[in-house]
Amino acid sequence: MPPARRPPAARRPTVPAAAPAPEPRRPSGPRLTGLGAGLFCGAAMFLLGGLDLLLGGGSTVYGVLFLPVCALTALWVRKGDLLTAPVVVPIGFAVGLLPVIDGDAGLLGRLMSLVAALATQAPWLYTGTLIAGMTALARRVVRAARRRAMRKRMAG
């Protein structure tokens, strides 16, 4: 009688390596280039300047509306263009004043009205520029901290 054959050893099913869990997706807002941030801020302020003119032309309304535009510009600009945010918001402020100013004496009259409006609304201009600068600086500090943490994880 031939020896009894043993049944083949039961193979364990191979379990594929667990795939890493996907990173939770953060809602991505608009990401503007430096030029795009300037165009956004200028266009938004021009429209808000026109709206302010329709509402009666109060400089306080224009200044208050300028502050969220500064924050949005600094939040929406790309990481590589963060330093452009505090530069483009004063330009956008001046562009937005064009519909508000009243200069009847031609080009020089409008230019003098623009300079006078910029001088009288300087606190709003400085506050908005400070908001954009601080927001951009905070984003840059967070970005640098993330890079440092990533390098630390890779090295150790």
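Everything below is about the structure printed above this text.
Residues numbered from 1 in each chain as written. Predicted model: local features only at pLDDT ≥ 70, side-chain atom pairs only at ≥ 80, totals over all residues. Heavy atoms only, no water.

K.L.:
Would you mind showing me how to read the state of the cysteines here?
P.N.:
Two cysteines joined by a covalent bond between their sulfur atoms form a disulfide. Under the definition given, this model contains 0 disulfides. No disulfide involves Cys 41; its sulfur sits 5.7 Å from that of Cys 70, the nearest cysteine. Under the relative-accessibility criterion, Cys 70 is labelled buried at 0%. (Disulfide = S-S within 2.5 Å. Buried < 20%, exposed > 50% of the residue type's maximum accessible area, 1.4 Å probe, protein only.)

K.L.:
I keep staring at the nonpolar core and nothing clicks. Help me out?
P.N.:
General note: in soluble globular proteins, nonpolar side chains tend to be found buried as a group. With 25 residues, the main nonpolar core has Met 45, Phe 66, Val 69, Val 89, Phe 93 and Leu 97 as its most contacted residues. Among the elements that make up this core, the one with the highest residue count is helix α2 (residues 59-76) (6 residues). Among all residues touching Phe 93, those that are not within four sequence positions of it are Met 45, Tyr 62, Phe 66, Leu 118, Gln 121, Trp 124 and Leu 125. (Core = buried A, V, L, I, M, F, W, Y, C linked by side-chain atoms within 4.5 Å. Helix = DSSP H or I, 4+ residues; strand = E, 2+ residues; numbered from the N terminus. Contact = heavy atoms within 4.5 Å.)

K.L.:
Could you clarify how one ought to interpret a positive patch on the surface in this entry?
P.N.:
A cluster of basic side chains, namely Arg 31, Lys 79, Arg 140, Arg 146, Arg 147, Arg 148, Arg 151 and Lys 152, defines a positive patch on the protein surface. With respect to the secondary-structure elements, Arg 140 resides in helix α5 (residues 122-155). The exposure class of Arg 140 is partly exposed, given its relative accessible area of 41%. (Patch = residues over 30% accessible without salt bridge, like charges linked within 9 Å, V, L, I, M, F, W, Y side chains within 5 Å. Areas by Shrake-Rupley, 256 points an atom, 1.4 Å probe, with all protein chains shown as cover. Salt bridge = Lys/Arg side-chain N within 4 Å of Asp/Glu carboxyl O. Lys, Arg positive; Asp, Glu negative; His and termini not counted. Charge placed at Lys NZ, Arg CZ, Asp CG, Glu CD.)

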